[in-house]
Amino acid sequence: MADDLLFTRTDGVATLTLNRPDKLNAFTVGLHRALAAALDEIEGDAAVRAVLLTGAGRGFCAGQDLAERAATMASGTQSGGSALETWYNPLIRRLRRLEKPVVCAVNGVAAGAGANVALACDIVLAARSASFIQSFARIGLVPDAGGSYVLPRLVGLARASGLALLGDRLSAAQAAEWGLIWRVVEDHALMGEATALARHLAQQPTRALAFIKQALNASPGNTLDQQLDLERDLQKQAAATEDFREGVAAFLEKRPPRFVGR
Ligand code: T3D
């Protein structure tokens, strides 16, 4: 259903709002389709230079819609693995590889794949009342949507094991203290701060931000030598951009830079 996702573009920021509030924005095939179509547009629109992802209502996202999954399991039309292959894995790859920064405003509970979609974004702000739940083990599943990759890297094996094996609720404040997310914001201030952050990023040197994402994505699997080589290659490309020339000129002329994203 088209309204399952709200998609607006203002001031260089594409805002994506998961919009199934009665079901805590749980993922259905319809929501996945709408999100994939929006990301197609965002990738092809040079005027969009940052993305803001959030949820409508009191939740951010409760992961896979279990009623839909129960129905597809009963009819034999879709297995868990195939949903990952078709929807969740491409979504996580796209968020990580998108050549524009993605801010996530976690407005409420983020559970299962909903939590891990949030953690795949570049900068995660969470409302003080929000929480993160690796709820998979509670229903007999394993963390997916990149959870088993990102959790040990962000918080270490001991905390990742506790989160994944117990499926307990982690408060936004604890998530920030552990380094799972960037920052906690008071509930009433979340959307204002997240929007301001996304607008700021939309005025930054977009190509350089894309190269930074690329370098950070590659880092966990690289040796120092490989990473140094990658930094050299990316720096060569960054230094060839119009925005680098503008950044240096603005510095020397003691004025704010006017980056155009090229
Ligand atoms: O096969 C595959 O697709 C593999 C992929 C798996 C990816 C996954 O994400 S698996 C994990 C799926 N998600 C969960 O297990 C979380 C289920 N939800 C919860 O545990 C709780 O809802 C929360 C802890 C997130 C929030 O609890 P609470 O008490 O604040 O809210 P609630 O009352 O449980 O939920 C409110 C409504 O949303 C309720 O609907 P109702 O009864 O008012 O009509 C509830 O059923 C619905 N809802 C919440 N989560 C889901 C959901 N409906 C469908 N699927 C959900 N995941």
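Residues numbered from 1 in each chain as written. Predicted model: local features only at pLDDT ≥ 70, side-chain atom pairs only at ≥ 80, totals over all residues. Heavy atoms only, no water.

Caption draft 1: Layout of the site of the ligand. Taken together, 25 residues form the shell around the ligand, and within it K23, A62, Q64, L66 and R69 come nearest. D22 is positioned such that a nitrogen or oxygen atom in its backbone is 3.4 Å from an oxygen atom of the ligand. Here an oxygen atom of the ligand sits 2.5 Å away from a polar atom, N or O, in the side chain of K23. When the ligand sits alone it has 1100 Å² of accessible area, and the protein chains cover 68% of it. Contributions of two or more residues to the shell around the ligand are made by α2 (66-75), α3 (80-97) and β6 (109-111). Partitioned by chemical class, the residues of the shell around the ligand number 13 nonpolar, five polar and seven charged. (Near = heavy atom within 4 Å. Polar contact = N/O pair within 3.5 Å; in protein donor to acceptor, adjacent residues only side chain to side chain. Areas by Shrake-Rupley, 256 points an atom, 1.4 Å probe, with all protein chains shown as cover. Helix = DSSP H or I, 4+ residues; strand = E, 2+ residues; numbered from the N terminus. Nonpolar A, V, L, I, M, F, W, Y, C, P; charged D, E, K, R; others polar.)

Caption draft 2: Region of interest: the sheet that holds strand β8 (residues 131-133). If you walk across this open sheet you meet the four strands as β4-β6-β8-β9, and the pairing is mixed. Strands at the two margins of the open sheet, each flanked by one partner only, are β4 (59-61) and β9 (169-171). Averaged over all pairs of adjacent strands, the angle between their axes in this sheet comes to 20°, without regard to strand direction. Of the strand pairs in this sheet, β8 and β9 are connected by three bridges, and their pairing is antiparallel. Across the sheet, the residue bridging to F132 is L170, located in β9. (Pairing = 2+ DSSP bridges. Axes fitted to C-alpha atoms, helices over the stretch in contact; angles between N-to-C directions.)

Caption draft 3: How the structure looks around helix α5 (residues 147-155). Taken together, the buried positions of α5 are occupied by G147, V150, L151 and V155. Considered in projection along α5, the buried side chains sweep an arc of 105° and stay on one side of the axis. Where α5 is buried, its residues meet α4 (113-119), α6 (157-166) and α7 (172-178). Phi turns positive, to about 90°, at G156, one or two residues after α5. (Buried < 20%, exposed > 50% of the residue type's maximum accessible area, 1.4 Å probe, protein only. Arc of directions from axis to C-beta. Contact = heavy atoms within 4.5 Å.)

Caption draft 4: Spatial organisation of the sheet that holds strand β3 (residues 50-55). Pairing is mixed in the open sheet, where six strands are placed in the order β1-β2-β3-β5-β7-β10. This sheet does not close on itself; its edge strands, each paired only once, are β1 (5-10) and β10 (183-185). Put simply, the sheet's adjacent strands are angled 20° from each other on average, direction ignored. Where strand β5 (residues 102-106) and strand β7 (residues 123-127) come together, four bridges link them in parallel fashion.

Caption draft 5: Fine view of the packing of aromatic side chains. This structure, assessed with the given rule, holds one aromatic pair. Ring geometry for F27 versus Y88: centroids 5.6 Å apart, planes at 85°, classification edge-to-face. A residue pair is termed long-range when its members are at least 10 positions apart, and F27 in the loop between β2 (13-18) and α1 (29-44) and Y88 in helix α3 qualify at 61 residues. Here F27 falls in the buried class, since its relative accessible area comes to 0%. On the basis of relative accessible area, Y88 is assigned to the buried category, the value being 3%. For R153, the ring lying beneath its charged end belongs to Y149, and the centroid distance is 3.7 Å. (Phe/Tyr/Trp six-rings, centres within 6.5 Å; stacked < 30°, edge-to-face > 60°. Lys NZ or Arg CZ within 6 Å of the ring centre and 35° of its normal.)

Caption draft 6: Representation of the pairing of β7 within the structure. Summarising burial for β7: four of the five residues are buried, a large majority. Sheet topology places β7 next to β10; three bridges connect them, and they run parallel. If you follow A127 over to β10, its bridge partner there is V185.

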